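Next come the chains, spelled out residue by residue.
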Amino acid sequence: MAHFAKINSDNVVEVVNVFSNDDINSNGGDYSAEAETWINSKWGGTWKQCSYNKSQRGEFPGPGWNWSPTKEKFYLPRPIDYAGNSCASWTLNTDTLVWVPPTAHPGDSAREYTEDGVEKMMVVRWDESTKKWRACKDGPYGECLTEWYWNPSSSAWEEIT
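Residues numbered from 1 in each chain as written. Predicted model: local features only at pLDDT ≥ 70, side-chain atom pairs only at ≥ 80, totals over all residues. Heavy atoms only, no water.

### With respect to the layout of surface pockets
For step 1, the next point in the chain: Estimated volume of the largest pocket: approximately 170 Å³.
For step 2, the next point in the chain: As for the largest pocket, its lining consists of Glu59, Trp65, Lys73, Phe74, Tyr75, Leu76, Pro77, Pro79, Thr96, Leu97, Val98 and Trp99.
For step 3, the next point in the chain: Of all the elements in the fold, those that place two or more residues in the lining of the largest pocket are strand S5 (73-75) and strand S7 (98-100).
For step 4, the next point in the chain: The leading source of residues in the lining of the largest pocket is S5, at 3 residues.
For step 5, the next point in the chain: In terms of residue class, the lining of the largest pocket is made up of 9 nonpolar, 1 polar and 2 charged. (1 Å grid on protein atoms, 1.4 Å probe; cavity = no way out; pocket = protein on both sides within 12 Å on 5 of 7 lines; lining within 4 Å. Points joined across faces, edges and corners; volume = space filled by probe spheres on them. Helix = DSSP H or I, 4+ residues; strand = E, 2+ residues; numbered from the N terminus. Nonpolar A, V, L, I, M, F, W, Y, C, P; charged D, E, K, R; others polar.)

Here it is in structure tokens:
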């Protein structure tokens, strides 16, 4: 089966549908302009073929994903932070089509801590309101006991008081 993403005028994916390989093969074949033109005329709008196994055109998209006409690849929408806010401070690396935060992620080693002789990992999320990485040391049942902000200057976590 051939997968196609319908994109709007802002190059945002609206829906992904499956089409018959026979139809695609008789109308130009996989990843051809003819096949896309055929889908566009039959179903309306602008459709781009995508790859379920990611062998062509980057990642397999879903609704809300973006299409880069210059790179001919699909890429993730702008991230959202832990509170559901758009990460407006993040920029898109136009070479890799990856969203980049204004402050680098602290890394997995900075998430590790020991408590009562048990190795644990803090949950780290972006906080767009402060433009900082925020971490939580979990208590029972995933309850957040203490919260921390990452200080890139000192490469250390500072407890939120």
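Following the structure, the description resumes.
### Thoughts on the side chain of Glu128
For step 1, the next point in the chain: By the secondary structure assignment, Glu128 is in the loop between strand S10 (123-127) and strand S11 (132-138).
For step 2, the next point in the chain: Polar side-chain contacts of Glu128 include one of 3.4 Å to the backbone nitrogen of Ala88.
For step 3, the next point in the chain: Setting aside residues up to four positions removed in sequence, Glu128 forms contacts with Asp81, Asn85, Ser86, Cys87, Ala88, Ser89 and Trp90. (Polar contact = N/O pair within 3.5 Å; in protein donor to acceptor, adjacent residues only side chain to side chain. Contact = heavy atoms within 4.5 Å.)

### Considerations on the sheet that holds S11
Strand pairing in a sheet relies on backbone hydrogen bonds. The paired strands run either parallel or antiparallel.
For step 1, the next point in the chain: Here we have 4 strands laid out as an open sheet, ordered S10-S11-S12-S13, and antiparallel in their pairing. This sheet does not close on itself; its edge strands, each paired only once, are S10 and strand S13 (156-159). Sheet twist, expressed as the average angle between the axes of neighbouring strands with direction ignored, equals 35°.
For step 2, the next point in the chain: Bridge analysis of strand S12 (residues 144-151) against S13 gives 4 bridges, and the strand direction is antiparallel. Residue pairing for S13: Trp148 is matched across the bridge by Glu159. (Pairing = 2+ DSSP bridges. Axes fitted to C-alpha atoms, helices over the stretch in contact; angles between N-to-C directions.)

### Details of the pattern of salt bridges
For step 1, the next point in the chain: Applying the stated criterion to the full structure yields 9 salt bridges.
For step 2, the next point in the chain: With a closest N to O distance of 2.7 Å, Glu36 and Arg57 form a salt bridge. Of the two residues, Glu36 sits in helix H2 (residues 33-43) while Arg57 sits in the loop between strand S3 (46-50) and strand S4 (66-68), which places them 21 residues apart along the sequence.
For step 3, the next point in the chain: Look at Arg57 and you get buried, because its relative accessible area is 12%.
For step 4, the next point in the chain: Glu59 is paired through a salt bridge with Lys54; the nearest N and O atoms lie 3.4 Å apart.
For step 5, the next point in the chain: Glu59 sits in the partly exposed class, given a relative accessible area of 37%.
For step 6, the next point in the chain: Through salt bridges with shared partners, one network takes in Glu36, Lys48, Arg57 and Glu72. (Salt bridge = Lys/Arg side-chain N within 4 Å of Asp/Glu carboxyl O. Buried < 20%, exposed > 50% of the residue type's maximum accessible area, 1.4 Å probe, protein only.)

These figures come from the coordinates and say nothing about function on their own.
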